[in-house]
Amino acid sequence: MFDLKINVNGVDYEREIKADMRLLDFIRNELGLTGTKEGCGEGECGACTVIVDGIAVDSCLMLAVQCHNKKVETIEGLEKNGVLHPVQQSFLDNGAVQCGFCIPGMVLSAKALLDSNSNPTDEEIKECVSGNLCRCTGYDKMFKAIKNAQKSYSGEGEK
Amino acid sequence: MVEKKITKAYCIKEVIDALSENIDESTVIAGGTDIMIELREGKLTHSIIVDVSDVAEMKGISITPEEIRIGAAVTFSEIVKSKEIKAALPGLWDACKSVGATQIRNMGTLGGNTANGSPAADSVPPLLALGAKLIIASSAGDDMVKLSDFFLGKGKTALPKGAIIKEFIIPMQGKKSRIIAFEKLGLRNALAISRISSAVSLNVEGGVITEATVASGSIGLIPTVEEDMSKFLVGKAANEDTINQAASHFSAIVAERLKGRSTVEFKAEAIKGVITKALRKAFNQVNS
């Protein structure tokens, strides 16, 4: 067992967990945050994407212990006081959501990009979501949504 | 089932101590992009896991005229973010940029890519072409090993139990940058395992290739230094005619090596395009 200390969506947690518990399972099962999805379990689809210390990662490929003393953001952490994050709002405004399964991962990948680079090129936008697969939309409206989010972006981590 | 134990290490000594606890039962996790799949499939039988993703001595990139040193726990994204590496070793930069997709590159490490021993590892052909060496740390101290001696078979490397890859050393031959090009053929633009890849490192003087090392991925059981192709290029002009000859020559090598395998028709043909693109990129780097 490992005595894990981790910050998720701004809240500190301390839990005793098994050594081989995936970050994904910690988030979903231990904390009950089921917005993060398991699409493939092998890093191919990006549905499990979360942000760790500002960096987008596949939570199905990380052990929870690897996030000891780190900050994790999941999709649940984006809405603040009833107000959606600009990326979330833009996805809705631009009709970029169909079944919704890939969306948490897609939104977090986009957020991770805009947090570190508030003026990305079209190529950089495509690159940032190249690890998130969507079977419904054909990606076009998602691309537009991210471009539009960029316009109204204040950037939480922006300097 | 034996419960697994994990150590999150922050320095090399912690890593070696944790591995030495039981060298038969211990293994290392860095980015996790290979090993977590083994864990999920129940193939990770080790009961001691050591997380090296935050080990200080394994992070960091240092550049001198003699050599570039890259820590084994440096991620592909950290290499892609390095303007210095992009300028000094463009083919290695290209290879790291081509791995998986953003999330995979944010986690996956140079050390893991080598230690996993896959013939399809993207960062390995350029490192082989550059004549890279490894520093391997263990309870007996540090050892330097040529990368070209490291791969023993599919998934098998010369990494001893209880040891870890600490650092990569790339000789710079007193130059600010080396001519190094990489080309990979995958089944799609991202999240693609390489079907074939080629890396070419050259020295060119007066338009003539004076030194060449070609390395390949996914042509055979291990990432391979292509001695025959390397010798073929030396003494030839750095021009399109040489590229055409090289493409045919490499195709013949691949056809022979993979004879009898189902992939031979595809790979013997596709290698022509891959080596053509790699050589064009390399020639473009001359005097640039």
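Just above sits the structure.
In this text the structure is predicted, and so the values were computed from the model without any measurement.

Q: Help me out: how do you make sense of the interface of chain B and chain A in this one?
A: In many analyses, interface size is given as the accessible surface area lost on bringing the parts together. On the chain A side, the residues contacting the 30 residues of chain B number 34 residues. Here chain B packs against chain A, burying approximately 2,500 Å² in sum over the two surfaces, 56% of which is carbon and sulfur. Per-residue buried area on chain B facing chain A is highest for Ile6, Arg40 and Gln103 of chain B; these three make up 24% of the total on that side. At the surface where chain B touches chain A, the tally comes to five salt bridges.

Q: What is the right way to look at unusual backbone geometry in this model?
A: For residues besides glycine, phi is generally negative; the peptide bonds are generally trans as well. Despite not being glycine, Asn9 of chain A has its phi angle at roughly 50 degrees, a positive value. With respect to the element layout, Asn9 of chain A can be found in the loop between β1 (2-8) and β2 (11-17). At Leu191 of chain B, a position not held by glycine, the phi torsion is positive, near 50 degrees. When you line up the elements, Leu191 of chain B lands in the loop between β11 (179-186) and β12 (194-205).

Q: I would appreciate a short explanation of the sheet that holds strand β4 (residues 55-58) of chain A in the present structure.
A: Strand pairs in the sheet, formed through backbone hydrogen bonds, run parallel or antiparallel to each other. Residue and element names in this part refer to chain A. Spatially, β2-β1-β5-β3-β4 is the arrangement adopted by the five strands of the open sheet, whose pairing is mixed. Of all strands in the sheet, those with a lone pairing partner are β2 and β4, marking the two edges. In this sheet, neighbouring strand axes are inclined to one another by 40 degrees on average, regardless of whether the strands run parallel or antiparallel. In this structure, β1 lies alongside β2, joined through seven bridges in antiparallel fashion. Bridged to Leu4 within β2 is Arg15. Contacts from helix α3 (residues 103-116) reach β3 (49-52), β4 and β5 (71-73) within the one sheet, and its direction differs from that of β3 by about 30 degrees.

Q: Please explain the packing of α3 of chain A against helix α5 (residues 140-151) of chain A as it appears in this structure.
A: When two helices pack together, their arrangement is given by the angle between the helix axes and the distance between those axes. All names here are of chain A. At a minimum axis separation of 11 Å, α3 and α5 run at an interaxial angle of 40 degrees. For the pair α3 and α5, the sense of crossing is right-handed. Of α5, the residues touching α3 (which contributes Ile103, Met106, Ala110 and Leu114) are Met142, Ile146, Ala149 and Gln150.

Q: Just to check I follow, could you spell out helix α1 (residues 23-30) of chain A for this structure?
A: Think of an α-helix as turning once every 3.6 residues; residues three or four places apart then point the same way. By the burial criterion, the buried members of α1 of chain A are Leu23, Leu24, Phe26 and Ile27 of chain A. Contacts made by the buried residues of α1 of chain A are with β1, β2, β3 and β5 of chain A.

Q: Quick question: what am I supposed to make of the side chain of Gln66 of chain A here?
A: Within the secondary structure layout, Gln66 of chain A lies in the loop between β4 and β5. Excluding residues that lie within four positions of it along the chain, Gln66 of chain A makes contacts with Leu61 of chain A together with Lys8, Ile29, Ala30, Asp51, Ser53 and Asp54 of chain B.

Q: I keep staring at the pairing of β12 of chain B and nothing clicks. Help me out?
A: Working note: regular strand, side chains alternate between the two faces of the sheet. All names here are of chain B. Within β12, 10 of the 12 residues are buried, which leaves the element mostly enclosed by the surrounding structure. Pairing geometry for β11 and β12, over eight bridges, is antiparallel. Across the sheet, residue Lys184 finds its bridge partner in β12, namely Ser197. Turn length for the β12-strand β13 (residues 208-217) hairpin, with the two strands adjacent in sequence and antiparallel, is two residues, and the turn residue Gly206 shows positive phi of about 55 degrees.

Q: Got a minute to help me understand the nonpolar core in this structure?
A: Grouped burial of nonpolar side chains is what soluble globular proteins tend to show. Residues and elements named next belong to chain B. In this structure, Ile70, Leu89, Leu147 and Ile170 are the most contacted members of the largest nonpolar core, which totals 86 residues. Among the elements that take part in this core, helix α1 (residues 12-20) stands out by supplying five residues, more than any other. Leaving out residues up to four positions away in the same chain, Leu89 has contacts with Ile68, Leu130, Ile170, Met172, Arg178 and Ile180. Grouped together as the second largest cluster of nonpolar side chains are 31 residues, Phe232, Ala246, Leu258 and Ala270 included.

Q: Just checking my understanding: could you explain the packing of aromatic side chains for this structure?
A: For any pair of aromatic rings, the description consists of the separation of the ring centres together with the inter-plane angle of the planes. Residues and elements named next belong to chain B. Counted under the stated rule, the structure contains one aromatic pair over all chains. Plain terms: the ring middles of Phe150 and Phe151 are 5.7 Å apart, the flat faces sit at 85 degrees to each other, and that makes the pair edge-to-face. Just as Phe150 is buried, Phe151 falls in that class too. Across from the ring centre of Trp93, 4.5 Å away, lies the NZ or CZ of Lys86, which sits over that ring.

Q: Which parts of the structure should I look at to understand the environment of Pro125 of chain B?
A: Residue and element names in this part refer to chain B. With respect to the helices, strands and loops of the structure, Pro125 is situated in helix α8 (residues 124-129). In this structure Pro125 comes out as buried when scored by relative accessible area, which is 0%. Separated by 72 residues in sequence, Pro125 and Ser197 place their C-alpha atoms 7.6 Å apart.

Each value, and the rule that gives it
- Residues numbered from 1 in each chain as written.
- Chains lettered and ligands numbered in written order.
- Predicted model: local features only at pLDDT ≥ 70, side-chain atom pairs only at ≥ 80, totals over all residues.
- Heavy atoms only, no water.
- Contact = heavy atoms within 4.5 Å.
- Buried area = accessible area lost by both parts, 1.4 Å probe.
- Salt bridge = Lys/Arg side-chain N within 4 Å of Asp/Glu carboxyl O.
- Helix = DSSP H or I, 4+ residues; strand = E, 2+ residues; numbered from the N terminus.
- Pairing = 2+ DSSP bridges.
- Axes fitted to C-alpha atoms, helices over the stretch in contact; angles between N-to-C directions.
- Left-handed = near helix turned anticlockwise from the far one by under 90°.
- Buried < 20%, exposed > 50% of the residue type's maximum accessible area, 1.4 Å probe, protein only.
- Core = buried A, V, L, I, M, F, W, Y, C linked by side-chain atoms within 4.5 Å.
- Phe/Tyr/Trp six-rings, centres within 6.5 Å; stacked < 30°, edge-to-face > 60°.
- Lys NZ or Arg CZ within 6 Å of the ring centre and 35° of its normal.

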